[in-house]
Amino acid sequence: MFENILLGFATAFTPENLAYCFLGVFLGTFIGVLPGLGSLAAISMLLPLTFYLEPTTALIMLGGIYYGGEYGGSIASILLNLPGTPSAAVTCLDGNPMAKQGRAGVALFITAIASFVGGSVGIVALMGFGPSIARLGLGFSPADYFALMLLGLVAAVTVGGGSVIKGLIMVVLGLLLGTVGTDVTTGDFRYTFDFLELRDGVSLVAMAMGVFGVSEVISSISGSKTRKISEKVTARSMMPTREDLRRTFGPMARGSTIGGFLGALPGAGTVIAAFMAYATEIRIAKDKTRFGKGAIEGIAAPESANNAAAQTAFIPTLTIGIPGSATMSIMLGALMIHGISPGPLLISDHPTVFWGLIASFWIGNLFLLVLNIPLIGLWVRVLQFPYKYIYPVVIALICIGVFSMRTSVFDVSLVVIFGALGYLFQRTGYSPAPLILGFVLGPMLEENLRRAMLMARGDPIRLVSDPLTGSLLAISALMLVWAVLGGIRSLVAARRKDQVFPIGEG
Amino acid sequence: MPSFHWNKIRRSLAASVIGGLAVVSAGATIAEDYPTQPITLVVGFPPGGSTDVVARILAGHMSNTLGQPVLVENRPGAGGTVGISHVASSDPDGYTLGVSGVGASILIDALGRDSGYDIDNDLDVIGVMGTLGLVIAGRNGLEAQTLPELMEFAKANPEALTYGSSGVGTPGHLAMEYLKSLAGVDMLHIPYKGNTPLLNDVVGGHVDIAMLTTPGAAEHVRAENIQPFAVSSPDRSSLMPDVPTVIEGGFEGYTATLWNLLVAPKGTPADVQAKLSDALNEAMKDVRVVGEFATKGLAPTISSPEQATQFLHDERSKWIGVIETAGVPKK
């Protein structure tokens, strides 16, 4: 183990690998900040370039882009309420209110720290228990996946703050949008309206960029928001207070754990990790009303979660050769191009690739921290730019980014449609965050339930009798009961209050 | 798609302006000079996937032969049909080519799911870009050790075994239905969204049998995570030479392979097609390409446009036969 780590650092510390690691995280951060351009698009575009690199070097750079992108994605969320990547959508909820309160520096600082903590936890998990975590992930049957996704969905109802009914409506809308495309179980096309492009479903990036990004730009045109931040950014204003730091310890620990676990499960990914971490914080918070208004926990938890997930996503990819996401498939593609067959024997056959890459993750995360803290002042200055210059650039970037994902004009039209819808949601007080979560979870929920039912030959008892599935379902049921009871109790309390102070007295 | 039409109009306009003539059709390229500009090779799947890798290996070599870069452009979607329908509506000038697999060339239409184009009338087939075998593999812990044993067990216990495929109407699904109908057995089909989650579930032991691509399965076979029963190609695979073919397992005449065709919009001039065909065949003979193909479980193919078109027809009658014998429902 120890000599492996040494071997890893020996590989990662060559000047060439260090340079490409830095290039990767720098590009990743930059691309993450740009709305619409995600690490998937960036890695796809840079893949052909890696043909000329050593396989380890190629992977170090592509890996750097990937977790660097998770890091950068939150910057635009906080500053402009435009998530750079779909997983940073949650960070908008509390990050942007903080920026509006003049605490953008603090929010960015906490993001950098939380990302570093999350990333570190993820790397430790990857180094220490990679193969065992991978085996645990393999043990998850379709029924277990279904139960886990259901748990996520139950937790989701609380996300977004404000009215529970509105949250529910948005989750359901997300689930419905998730049904568009080819039904995996029968191969039927659903709601594709004869568009070839809709057969694979609605593009998540197009939807996220529309409902968050474009709608934000539209609402700024209407002049409902005038810019208030003009004060100078001092080093002091970036520093979180002791109270801020105290509040972030718990969320970072929980976020990293949740993210680390979900990242290692093939298919779950960083978006779900960030949402689950946020929902957990709301669940356990004493004062739930602070969320959505600039609660620092609302940044620390999802940011540590998505960065932990970005690191542990490498576990199934590298230890068993099964990529958990589209981005990870491309990473494996990069290995295959170099004649290295990714699979369960990768670690023993190519130890320099595996340990070199992991060592580079440490170095890369340190680079990110060192790179980002001094840049905070620069980023905050973006807020002092007039919107009339920023927004056209933003719209152009969104269009380029979405187009580059699949070279598809159709997806750009989707952005426009979702932008209009998003503006409507914003005006009527519906948060788009639960919509995204429902959209991400819905297809996985349905696919796994139907697969599990097929395997159980249509017998629901067989489905529930599995200990893991059963307990996950029981937790979901308990959470629902808790939520309903809590709702009834506050309703009763409100009634009683009315009786004590009859209307008309004030 | 409106955008495609616009592309066409825009390109025609550009051609007319540059030509400075009143009557210049969009496809009028002087074939002797071809190619004078970079060629776009459209792949209907995302980068890094098996189709993309094939395209990039061949495009690299063809660029050298043709003296112009052959650029791979990924237009993923709807089983490859989004990319191929883009090629079908492009100008037949030899500058937009496509890589069309079994699904986009045959299965999607044969199963009654409109692909948005008609391969015979909208596209010219220039050559075959190699073939790839599938492997029937089982989870660890199955009692059967060979294909005949497995089929015997399945026959004695109808619907007791589950088999996974990478999706309804994919070659893996149909190849398994084909085997089922030949062996007269019944197994429960569990469709997945692509090869990766399927691999996950067979390695994890949640599904009994899976039809996997040989390069995707080879490492798991080597690590004894899964148990190979037979390969679907007519000959044994270079990646797992110890694994017998389905034919060796007693199913005479059974073959199911994945392949890709190099296609161009219908009406591409014959001499342009000949140049492309020569460049493709040249690449197939190259030592480095052959070596790279072998490590990825691909078998190189040499074909003229006529042979490739004939290959498409033969494969189509075979798969349509499979769909009919196996009774796969059409939409």
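What you see is a predicted model; the values in this text were computed from it and never measured. (Residues numbered from 1 in each chain as written. Chains lettered and ligands numbered in written order. Predicted model: local features only at pLDDT ≥ 70, side-chain atom pairs only at ≥ 80, totals over all residues. Heavy atoms only, no water.)

## A few points about the overall build of chain A
Part 1: Scanning chain A from terminus to terminus reveals 22 helices and two strands.
Part 2: Expected size for 506 residues packed as a compact globule is a radius of gyration near 23 Å; at 23 Å, chain A falls within 12% of this value.
Part 3: Counting only C-alpha atoms and orienting by the principal axes, one finds that chain A spans roughly 80 × 65 × 50 Å.
Part 4: Burial statistics for chain A: of 506 residues in total, 58% are counted as buried.
Part 5: Restricting the contact set of chain A to residue pairs at least 6 apart, pairs at least 24 apart contribute 80%.
Part 6: A total accessible area of about 20,200 Å² is found for chain A, and carbon and sulfur atoms account for 70% of it. (Helix = DSSP H or I, 4+ residues; strand = E, 2+ residues; numbered from the N terminus. Rg over C-alpha atoms; globule rule 2.2 N^0.38 Å. Buried < 20%, exposed > 50% of the residue type's maximum accessible area, 1.4 Å probe, protein only. Contact = heavy atoms within 4.5 Å. Areas by Shrake-Rupley, 256 points an atom, 1.4 Å probe, with all protein chains shown as cover.)

## Structural notes on the pairing of strand β5 (residues 162-165) of chain B
Residue and element names in this part refer to chain B.
Part 1: Where burial is concerned, the two faces of β5 agree: the one with T162 and G164 and the one with Y163 and S165 are both buried.
Part 2: In this structure, β5 lies alongside strand β7 (residues 209-213), joined through two bridges in parallel fashion. Its bridge partner lying in β7, Y163 is registered against I209. (Pairing = 2+ DSSP bridges.)

## So, the confidence of the model for chain A
Part 1: In the predicted model, chain A carries a mean pLDDT of 85, and 94% of its residues have values of at least 70.
Part 2: pLDDT under 50 marks residues 502-506 of chain A. Its contacts with residues more than four places away, or in other chains, come to one contact. (pLDDT = per-residue confidence, 0-100.)

## So, the packing of helix α5 (residues 89-100) of chain A against helix α12 (residues 269-284) of chain A
Residues and elements named next belong to chain A.
Part 1: The N-to-C vectors of α5 and α12 enclose an angle of 40°; their axes lie 8 Å apart at closest approach. Looking at the two axes, α5 sits oblique to α12. Between α5, through V90, L93 and D94, and α12, the contact on the second element is made entirely by A274, F275 and Y278.
Part 2: Partitioned by chemical class, the residues of the contact of α5 with α12 number five nonpolar, no polar and one charged. (Axes fitted to C-alpha atoms, helices over the stretch in contact; angles between N-to-C directions. Parallel < 35°, antiparallel > 145°, perpendicular 65-115°, else oblique. Nonpolar A, V, L, I, M, F, W, Y, C, P; charged D, E, K, R; others polar.)

## Considerations on the side chain of S304 of chain A
Residues and elements named next belong to chain A.
Part 1: Its place among the elements puts S304 in helix α13 (residues 297-312).
Part 2: Reaching out from S304, the side chain makes a polar contact with the backbone oxygen of A300 at a distance of 2.8 Å.
Part 3: Within the structure, S304 has its side chain in polar contact with the backbone oxygen of A301 (distance 3.0 Å). (Polar contact = N/O pair within 3.5 Å; in protein donor to acceptor, adjacent residues only side chain to side chain.)

## As for the pattern of salt bridges
Part 1: Summed over the entire model, instances satisfying the criterion amount to 23 salt bridges over all chains.
Part 2: One salt bridge connects E73 of chain B with R75 of chain B, and the closest N-O pair in it is separated by 2.8 Å.
Part 3: Overall, the relative accessible area of 23% leaves E73 of chain B in the partly exposed class.
Part 4: Here the salt bridges share partners, and the residues they tie into one network are E243, R246, R247, R290 and E297 of chain A. (Salt bridge = Lys/Arg side-chain N within 4 Å of Asp/Glu carboxyl O.)

## Overview of the interface of chain B and chain A
Part 1: Between chain B and chain A, the residue contacts involve 46 residues of the former and 43 residues of the latter.
Part 2: At the boundary of chain B with chain A, total buried surface from both sides reaches about 3,700 Å², with 62% on carbon and sulfur atoms.
Part 3: When the buried area of chain B at its contact with chain A is split by residue, N200, H206 and E219 of chain B rank highest and sum to 15% of it.
Part 4: Linking chain B with chain A are one salt bridge.
Part 5: The partner of R222 of chain B in a salt bridge is D349 of chain A, and the shortest N-O contact between them spans 2.3 Å.
Part 6: Breaking the side of chain B that touches chain A down by element, the ones donating at least two residues are α2 (50-66), β2 (70-74), α3 (81-88), β6 (188-191), α8 (195-203) and α9 (214-222) of chain B.
Part 7: Broken down by element, the side of chain B that touches chain A gets its largest block of residues, five residues, from α8 of chain B. (Buried area = accessible area lost by both parts, 1.4 Å probe.)

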